[in-house]
2 protein chains.
Amino acid sequence: MMRTDILISEVGPRDGLQSISAVMPTEAKKAWIAAEAAAGVREIEVGSFVPATLLPQLADTAEIVAFAKTIPGLTVAVLVPNLRGAEAAIEAGADKITLPLSVSESHSMANLRRSHGQVLAEAAAIATLIAAQPRAKRPHFEGSLSTVFGCTIEGAIPLRQILRLAEQLMAAGCDEVGLSDTTGYADPRAVKEMIREVRGVVGANALTGIHLHNTRGLGLANVLAALEMDIETIDSSLGGIGGCPFAPGASGNVVTEDLVFMLQAMGLRTGIDLEELLGVRRILADALPGEPLYGFTPDAGLPLGFVPEPASIPLETI
Amino acid sequence: MMRTDILISEVGPRDGLQSISAVMPTEAKKAWIAAEAAAGVREIEVGSFVPATLLPQLADTAEIVAFAKTIPGLTVAVLVPNLRGAEAAIEAGADKITLPLSVSESHSMANLRRSHGQVLAEAAAIATLIAAQPRAKRPHFEGSLSTVFGCTIEGAIPLRQILRLAEQLMAAGCDEVGLSDTTGYADPRAVKEMIREVRGVVGANALTGIHLHNTRGLGLANVLAALEMDIETIDSSLGGIGGCPFAPGASGNVVTEDLVFMLQAMGLRTGIDLEELLGVRRILADALPGEPLYGFTPDAGLPLGFVPEPASIPLETI
């Protein structure tokens, strides 16, 4: 059985923009986020609390979080590389914070410049910080296992190492772990096996989301495999922009437009008005001139007689 | 359980070239077919026996069939629109002939200029012609249910109409029926349901192949759904060229390169040397200058540590 309500987590304003050298103006980001939320997207990763010297594209993350928090019903997610980032995220009022931990230690050193032990120590410090907040200010805390389907430096990572890190993230105080196909190495069988294995260690309730790339064109096939394993949150980016800038050859997120079409065609519910979502692409095209946008549904249009999901049916709270 | 051996039927020389206005020189077609067969592709739809006035790109189909027949182990497939085409196909020595029947009668009139009754009469005449051949010259005969997931003129086609046509094709003497997502309307759930429904009428052994498009980016997700329903033959085209020229807005076959990567990554066997297959793309690019080629794996390359399928293991005969 597949659940009927799927949460799409739009990661374009973070994962997309960090991969692009052009800096999107803050007002354009706000317009984009507001338009996607108006189309029914209920979770958006709006930025990353990293030093502006490293990612000037995301230097306005605090302002963007504050803006996004004014949108009713929107879960405002951010990426944080460490405790300092988590402090800023909580200060800004983020609803969800994600700390990436690359299961490849070589990739972790290249990407975050931290060993596994150092990242786990940050995770524990962040969990302590969150616990010290008043209940209303405690964000959901996810430890994201990145390069989990393989690494461009190390290749395949031993499963026992992945499972140990998943356990250690939970022991450090994460609310859940996520899986991230940073390098676009995943295939449908690997997706199912990894979900099964990691859940065997952390429990089904502590693995509910997945971040897949479309690097080798398998994005939606891998999403389907994840749905068949009862995953409820799927990361994607409008126009498919983004990918991991530190993993050579890796680019291309799952395209939100095609993903929403697939889910709605399957009779699943996203809470999203697909026609309105397709219109948001214009904001992206205008704000990022010359930047390639991906996806097939925007050009092909919707099938004749396609019945979009009824917007009036309230979604289960996820 | 998913079968482990998958037959990829390359349709680029037929479905791809008929969608392109440029005429590929006969020698380039031969080089392409020979190179794909050398890479391990075991079935290729090499052309279509339609009047040269309609599709000048495929006017050399008889010569191409004769050439392809000299390649050991290759199943040489062709499309035929009617009895006259089937006569030419048998004369040329084709191993497999496919007669399309659009389940949308409006599309059938637009595409083949024939009603359902007329196409079924052609199917019966072709079956009679095949039965009259000596055993060694009898091609496998597939009736392909096209626009089965919806039509750009009529929208969704009633299921009972589809099932009746499937039954009638078998009654007319087809060896099996196929499903064709001519318009790119399919989604994974629809693929599974349609396979289940049509098999309920014709039996599992009379529905073993599917022709899916990538019009809305769902090509490989739909393939995965078909594999999970124990489909063994998947149509695709190198570089994703092709689609249906008579269905407005419909374009893009499943990309052979990405499909083979997905299958091999999942541990399934195709008999294909993926590195060698990727090299064949060069022939296509040289012979069709300016024509867009699709697919992600050719640019991204293979994952570090990717283990291609061992070429030495003999495949089950399909």
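Parameters and conventions
- Residues numbered from 1 in each chain as written.
- Chains lettered and ligands numbered in written order.
- Predicted model: local features only at pLDDT ≥ 70, side-chain atom pairs only at ≥ 80, totals over all residues.
- Heavy atoms only, no water.
- UniProt positions renumbered as here; feature names shortened; annotations may be inferred.
- Salt bridge = Lys/Arg side-chain N within 4 Å of Asp/Glu carboxyl O.
- Buried < 20%, exposed > 50% of the residue type's maximum accessible area, 1.4 Å probe, protein only.
- Helix = DSSP H or I, 4+ residues; strand = E, 2+ residues; numbered from the N terminus.
- Polar contact = N/O pair within 3.5 Å; in protein donor to acceptor, adjacent residues only side chain to side chain.
- Contact = heavy atoms within 4.5 Å.
- Phe/Tyr/Trp six-rings, centres within 6.5 Å; stacked < 30°, edge-to-face > 60°.

- As recorded in an unreviewed UniProt entry, chain A goes by the name Hydroxymethylglutaryl-CoA lyase, listed as coming from Allosphingosinicella ginsenosidimutans.
- Regarding chain A, the UniProt comment filed under Sequence similarities (unreviewed entry) reads as follows: "Belongs to the HMG-CoA lyase family."

### Side note on the pattern of salt bridges
Reasoning step 1: A complete count under the given rule lists 32 salt bridges over all chains for this structure.
Reasoning step 2: We note a salt bridge from D15 of chain A to R14 of chain A, for which the minimum N-O separation is 3.9 Å.
Reasoning step 3: Judged by its relative accessible area of 9%, R14 of chain A falls in the buried class.
Reasoning step 4: Salt-bridge contacts for D5 of chain B lead to R269 of chain B; the nearest nitrogen and oxygen are separated by 2.9 Å. In this pair, D5 of chain B is assigned in the segment before β1 (7–10) and R269 of chain B in the loop between α10 (256–265) and α11 (274–287), connecting sequence segments 264 residues apart. The exposure classification of D5 of chain B matches that of R269 of chain B, with both residues buried.
Reasoning step 5: Through salt bridges with shared partners, a single ionic network connects K192 and E228 of chain A together with K192 and E228 of chain B.

### As for the side chain of T297 of chain A
Reasoning step 1: By the element assignment, T297 of chain A lies in helix α12 (residues 297–300).
Reasoning step 2: Within the structure, the side chain of T297 of chain A is placed 2.6 Å from the side chain of D258 of chain A, a separation counted as a polar contact.
Reasoning step 3: Each residue touching T297 of chain A, except ones within four places of it in the same chain, is listed here: E257, D258, F261 and L302 of chain A together with R216 of chain B.

### Some words on the packing of aromatic side chains
Residues and elements named next belong to chain A.
Reasoning step 1: Counted according to the given criterion, the structure contains two aromatic pairs over all chains.
Reasoning step 2: A centroid spacing of 5.4 Å and a plane angle of 45° characterise the contact between F261 and F306, whose relative ring orientation is tilted. One end of the pair, F261, is in helix α10 (residues 256–265); the other, F306, is in the segment after α12, with 45 residues separating them in the sequence.
Reasoning step 3: Taking the relative accessible area as the measure of exposure, F261 reaches 0% and is therefore buried.
Reasoning step 4: With a relative accessible area of 17%, F306 lands in the buried category.

### Re the environment of L259 of chain A
All names here are of chain A.
Reasoning step 1: With respect to the element layout, L259 can be found in helix α10.
Reasoning step 2: On the accessibility criterion, L259 (0% relative accessible area) is buried.
Reasoning step 3: Excluding anything up to four places from it in sequence, L259 contacts I8, L220, V223, I234, S236 and V254.

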